[in-house]
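Structure at a glance
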Amino acid sequence: MNKKTKYDAVIVGAGFAGMYMLFRLRKMGLSVSVFEAGADLGGTWYWNRYPGARCDVESMQYSYQFDEELQQEWEWSERYATQPEILKYIDHVAKKYNLRSDIRFNTKVTKAFFDEKVNHWQIETDDGEKLIAQYCIMATGCLSSVNKPDFKGKESFTGSIYYTGEWPQEGVDLSNKRVGIIGTGSSAIQSIPVIAKSVDELTVFQRTANYAVPAHNKPLDPDQVRKIKDNYAEFRAKAKLTPTGNLFEIGKDSVTLDSEEERAKSYEKRWQAGGLPFLSAYADVMLDSESNRVAADFVREKIREIVNDRAVADLLTPKNIIGCKRLCVDTGYYETFNKDNVKLVDISASGIDALCESGVRIGKKVYELDVIISATGFDAMTGALLNIDIRGKKGLPLKEKWNEGPKSYLGVALAGFPNLFTITGPGSPSVISNMLPAIEQHVDWITECISYMRNKGFAVIDAQTEAEEEWISHVRDVADMSLRSTCNSWYVGANIPGKPRIYMPYIGGVPAYAKKCKEVASAGYKGFALN
Ligand code: FAD
Ligand code: N01
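Analysis parameters
- Residue numbers restart at each chain and count upward from 1, following the sequence in its written direction.
- To label them, take the chains in the order written and letter them from A, then take the ligands in the order written and number them from 1.
- Only residues with pLDDT of at least 70 get local features here, since the model is predicted, and only at 80 or more are side-chain atom pairs given and counted; chain-wide, interface and lining totals rely on the full set of residues.
- Side-chain numbers here rest on the full set of heavy atoms in the structure, without hydrogens or water.
- A helix here means a DSSP run of H or I that spans at least four residues, while a strand means a run of E at least two residues long, and both kinds are numbered starting from the N terminus.
- Atoms counted for the radius of gyration: C-alpha only. Globule rule: 2.2 Å times the number of residues to the power 0.38.
- Using a 1.4 Å probe on the protein chains alone, a residue whose accessible area is under 20% of its type maximum counts as buried, one over 50% counts as exposed, and one in between counts as partly exposed.
- Should any heavy atoms of two residues lie within 4.5 Å, those residues are counted as being in contact.
- Computed with a 1.4 Å probe, the accessible areas rest on the Shrake-Rupley method; for each residue, only the protein chains presented here act as cover.
- We count Lys and Arg on the positive side and Asp and Glu on the negative side, and we leave His and both chain ends out.
- Charge positions come from single atoms, namely NZ of Lys, CZ of Arg, CG of Asp or CD of Glu.
- Polar contacts, as used here, are pairs of N or O atoms within 3.5 Å; protein pairs need one atom able to donate a hydrogen and one able to accept it. Residues neighboring in sequence count only if both atoms are side-chain atoms.
- For each residue, the test is whether any non-hydrogen atom lies within 4 Å of the molecule or strand; if one does, the residue is near.
- Charged residues are taken to be Asp, Glu, Lys and Arg, nonpolar residues to be Ala, Val, Leu, Ile, Met, Phe, Trp, Tyr, Cys and Pro, and polar residues to be all remaining types, Gly included.
- Throughout, the edges of the domains are those of an automatic or database domain assignment.
- A pair of strands counts as paired when DSSP detects no fewer than two bridges linking them.
- Axis definition: a line fit to C-alpha positions, over the contact stretch in the case of helices; interaxial angles, taken between N-to-C directions, run 0 to 180 degrees.
- In what follows, salt bridge is the name for a side-chain nitrogen of Lys or Arg lying within 4 Å of a carboxyl oxygen of Asp or Glu.
- The disulfide criterion used throughout: a pair of cysteine sulfur atoms within 2.5 Å.

**A word on the overall build of the protein**
Looking only at helices and strands, the protein features 16 helices and 20 strands. In terms of C-alpha radius of gyration, the protein reaches 23 Å, essentially the compact-globule figure of 24 Å for 531 residues. If one aligns the C-alpha atoms of the protein with their principal axes, the spans along those axes are about 70 × 60 × 45 Å. Going through the 531 residues of the protein one by one, you find that 56% of them count as buried. Taking the intrachain contacts of the protein between residues at least 6 apart in sequence as the baseline, contacts between residues at least 24 apart amount to 71%. For the protein, the exposed surface amounts to about 22,500 Å²; the carbon and sulfur share of it is 49%. Computed over 66 positive and 69 negative side-chain charges, the inter-centroid distance for the protein is 3 Å.

Laid out in C-alpha cells, this is it:
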C-alpha cells in the first residue's frame with residue numbers, strides 16, 4: 001500500500017457505497033484512498049454473519065446496476081441472497097475492478113477536520129496516520145454502529161455475549177447450548193428459526209412484538225432470471241419510478257375501494273407471494289390508520305393461526321402500526337415458537353433487569369444461559385458519523401451541529417462542512433428504499449458534482465444554510481404525513497437513549513428525491529456556494 005499523505009479524495013467505509021465511490025472517482029482520474037475498520041470489504045455483509053442473515057430485497061434488485069457486464073455475468077442462486085453469497089458477489093466486484101489495492105483495512109478514521117485556510121480535509125486514523133484530501137466522502141453506513149445496551153451486571157455474566165451486528169468472523173458453535181436472544185427486530189427474526197434448530201434451549205426476550213411476513217425464499221427460476229436479464233436496464237428504470245426503488249406491484253390507491261372480502265383476498269395473495277410487497281397491497285397503508293389496521297389485523301390473525309399456544313400468540317401479536325418499524329421478512333419465525341425448546345419471555349414492562357453470573361434476570365426470575373445474543377440493532381444513520389470527530393468551518397463539531405438531530409442538504413451535504421459528502425445520509429430516502437440504487441444514485445451525483453467543480457475550476461462547495469433548512473423542513477413535513485413517524489422506531493432514533501427524536505430518512509419517494517437532486521445539479525448546484 002502506497003503511504004501517500006495527500007489525496008484528492010478520502011472515502012471512509014468499504015461497503016457497497018465506498019466500493020462504488022472508489023470505482024467512480026478512480027475512473028475520473030482522482031487519487032483516492034479508502035479506509036475501512038473491518039478486515040475486508042462488504043460493510044453490513046462483512047459484519048452481520050449471524051445465522052440466517054440474508055437480504056430482504058430480492059437479489060435481482062439488491063445488486064449494482066452501474067455496469068451491464070457485471071449484472072449480466074453474476075448469477076444469484078436464491079430469491080433472497082444469503083450473507084455468504086452477497087460477500088461472494090462483493091469479492092467478485094472487488095476483483096473485477098481491482099478495488100482492494102486502494103483500501104486500507106483494519107483502520108478506523110477517528111478525525112476529519114476542515115482546514116479553511118487551504119480548503120482541504122485533515123484526516124486522522126486510529127493507527128496515528130495523518131493525511132489531507134480535498135474531498136472527504138463518508139460511506140460509513142446507516143446500520144454500522146452497533147447498539148450495545150449497557151445492561152446492568154453485564155461483566156458478571158460468565159458465558160459469552162455476541163452481537164448480531166458484529167458476529168465473530170469464525171462463526172459460533174451454538175450446538176447443545178442454552179441460548180438467550182435479546183430483541184425481536186429483523187436480525188433476531190431471521191436468526192431465531194435457524195438458531196432454534198441447533199441449540200438445547202432458546203429463550204427469546206421480547207420488549208416489543210414485531211410484524212413479520214413470510215419470505216417464501218426459493219431458488220431463482222432460470223427462465224425468470226433470463227427474462228429480467230434480457231431487459232435489465234428497463235427493469236431497473238421501472239424500479240426507479242417506484243416510491244422505494246423496488247419493483248413490485250402497488251395495489252389500489254385506497255383500501256376503501258375494496259370490500260372486506262376483496263381486502264382479505266388481496267392480502268392473502270401477497271402473504272402467499274411473500275416479502276416486502278405485502279405492505280403495498282393498498283397505497284394508503286402508511287397514510288391512513290384504518291387502512292393500516294386492515295393490514296395489521298390480517299397479520300395478527302395469521303399469528304393466531306400459526307402459533308399453537310394462545311398466550312404465546314398473544315404476546316407475539318404486535319399492537320402498534322404495521323410498517324412503522326421496518327416490516328420483517330421471515331422464514332418460519334412464528335412457527336419456531338411451537339417448538340418445545342423455544343421460550344418467549346415478555347420484557348415489555350421493565351426491559352432486561354440485569355445480567356448475572358448465570359444468565360439474565362427479569363424481576364426475581366433468573367434465566368440460566370450459556371450464551372446471550374444481543375440482536376439490539378444499531379445507532380442508525382447518525383451513529384457512525386458521530387463516532388468520528390468531524391469538524392467543519394470555524395472548527396464546528398458535527399456533534400454540535402446535530403445536537404437537535406441531523407440536518408443536511410439532500411442528505412448528501414452539510415452546510416458548514418465544505419467538500420464533505422455523506423452517502424445515503426439522513427435526509428435522503430436511503431434506508432426506506434432499496435439501498436443499492438440509493439447508493440448508486442448518491443455516488444453518481446457526488447461524482448458529477450466533483451466533475452463539474454473540476455471543469456469549472458471550483459475548489460470548494462458548501463451547502464447554504466437556507467437551502468439546508470428548507471430541505472429539512474420539507475423532510476419533516478412529508479414525514480408528518482406518514483404513519484411511519486408515529487412509533488418508537490430506530491428511524492426516529494427512539495432505540496438509543498437520549499437521541500433526538502427526528503424521522504431521519506426522506507419519505508417523499510425515490511422519484512421525487514431523484515428529481516430534486518437532478519434539478520439542483522442542472523441549476524449549477526442550486527443551494528450550494530461554490531468558489
Ligand atoms: P455499510 O455496508 O454499513 O458499510 C459501511 C462501512 O464503513 C462498514 O464496513 C464500517 O466498518 C465502515 N466504517 C464506519 N465508520 C468507519 C470509520 N470511522 N473508519 C473506517 N471505517 C468505518 N438494505 C437493503 O436495501 N436491502 C436489504 O435486504 C438489506 N438487508 C440488510 C440486512 C442487514 C443484516 C443489515 C444490517 C442491513 C441491511 N440493509 C439492507 C441495509 C444495508 O446496510 C445496505 O443495504 C448496504 O449494505 C449499506 O452499504 P454501505 O456501504 O452504505 O454501508
Ligand atoms: O435491529 P432493530 P435489527 N433491551 O432495531 C430490542 C436491517 N436489517 O438489527 O422494539 C431489550 O430493528 C428492540 O426492542 P424495541 C433492517 O433495516 C435487515 O433487528 O426497541 N431489548 C428490538 O426488538 C432493520 O430494521 C434485515 O422495544 C432491546 C431489537 O432489540 C435494521 O437492520 C435483517 C434493547 C432491535 O431491533 C435493524 O434490525 C437484519 C434493550 N436495551 C437487519 N434495545 C433483513 O431482513 C433494543 N432492543 C434484510
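Next comes the rest of the write-up.
**Focus: the side chain of Thr125**
Position of Thr125 relative to the elements: it lies in strand 5 (residues 120-125). The class of Thr125 is buried, set by a relative accessible area of 4%. A polar side-chain atom of Thr125 sits 2.4 Å from a polar atom in the side chain of Asp127. With residues near it in sequence (within four places) discarded, Thr125 still touches Phe35, Thr107, Lys108, Val109 and Thr110.

**Concerning the site of ligand 2**
Around ligand 2, 25 residues are found, and the nearest of them are Thr184, Ser187, Arg207, Thr208 and Lys325. Here an oxygen atom of ligand 2 sits 2.8 Å away from a polar atom, N or O, in the main chain of Thr184. Arg207 places a polar side-chain atom, nitrogen or oxygen, 2.9 Å from an oxygen atom of ligand 2. For the shell around ligand 2, a count of residues per class yields 10 nonpolar, 10 polar and five charged. When residues are assigned to domains, the shell around ligand 2 turns out to be shared by domain 1 (4-145 + 380-530) and domain 2 (154-374), each giving three or more.

**A few points about the site of ligand 1**
The immediate surroundings of ligand 1 are formed by 34 residues, with Glu36, Thr44, Asp56, Tyr62 and Met435 found nearest. At 2.7 Å from an oxygen atom of ligand 1 is found a side-chain nitrogen or oxygen belonging to Thr44. The separation between a nitrogen atom of ligand 1 and a polar main-chain atom of Val109 is 2.9 Å. For ligand 1, the accessible surface in isolation is 980 Å², of which the surrounding protein chains cover 93%. In terms of residues, the shell around ligand 1 owes the most to one element, helix 2 (residues 44-47), which gives three residues. Split by residue class, the shell around ligand 1 holds 19 nonpolar, 12 polar and three charged.

**Topic: the sheet that holds strand 16 (residues 371-374)**
Pairing is parallel in the open sheet, where five strands are placed in the order 7-16-8-9-12. Edge strands, defined here as strands with exactly one partner in the open sheet, are strand 7 (160-163) and strand 12 (342-346). The average angle at which neighbouring strand axes cross in this sheet is 20°, direction not considered. Relative to strand 16, strand 8 (residues 178-182) is paired through four bridges, and the arrangement is parallel. Across the sheet, the residue bridging to Gly180 is Ile372, located in strand 16.

**Describing the pattern of salt bridges**
A complete count under the given rule lists 31 salt bridges for this structure. Notably, a salt bridge pairs Lys95 with Asp91, separated by 2.7 Å at the nearest N-O pair. One end of the pair, Lys95, and the other, Asp91, are both in helix 4 (residues 83-96), four residues apart, so they sit about a helical turn from each other. The class of Lys95 is exposed, set by a relative accessible area of 59%. By relative accessible area, which is 22% here, Asp91 ends up partly exposed. Salt bridges here are not isolated pairs; linked through shared partners, they connect Asp40, Asp91, Lys95 and Arg100.

**Details of the state of the cysteines**
In total, this model carries one disulfide according to the counting rule given. Through a disulfide, Cys324 is tied to Cys487; the S-S separation comes to 2.3 Å. Here the S-S torsion is close to -115°, and the disulfide linking Cys324 with Cys487 is therefore left-handed. With Cys324 in the loop between helix 10 (310-316) and strand 11 (328-330) and Cys487 in the loop between helix 15 (465-481) and helix 16 (510-522), this pair connects stretches of sequence that are 163 residues apart. Cys487 shares its class with Cys324; the two are buried. Looking at Cys136, it has no disulfide partner, and the nearest cysteine sulfur is the one in Cys449, 14 Å off. Residue Cys142 stays outside any disulfide, its sulfur separated by 15 Å from that of Cys517, the closest cysteine.

That's the geometry; what it means functionally is another story.
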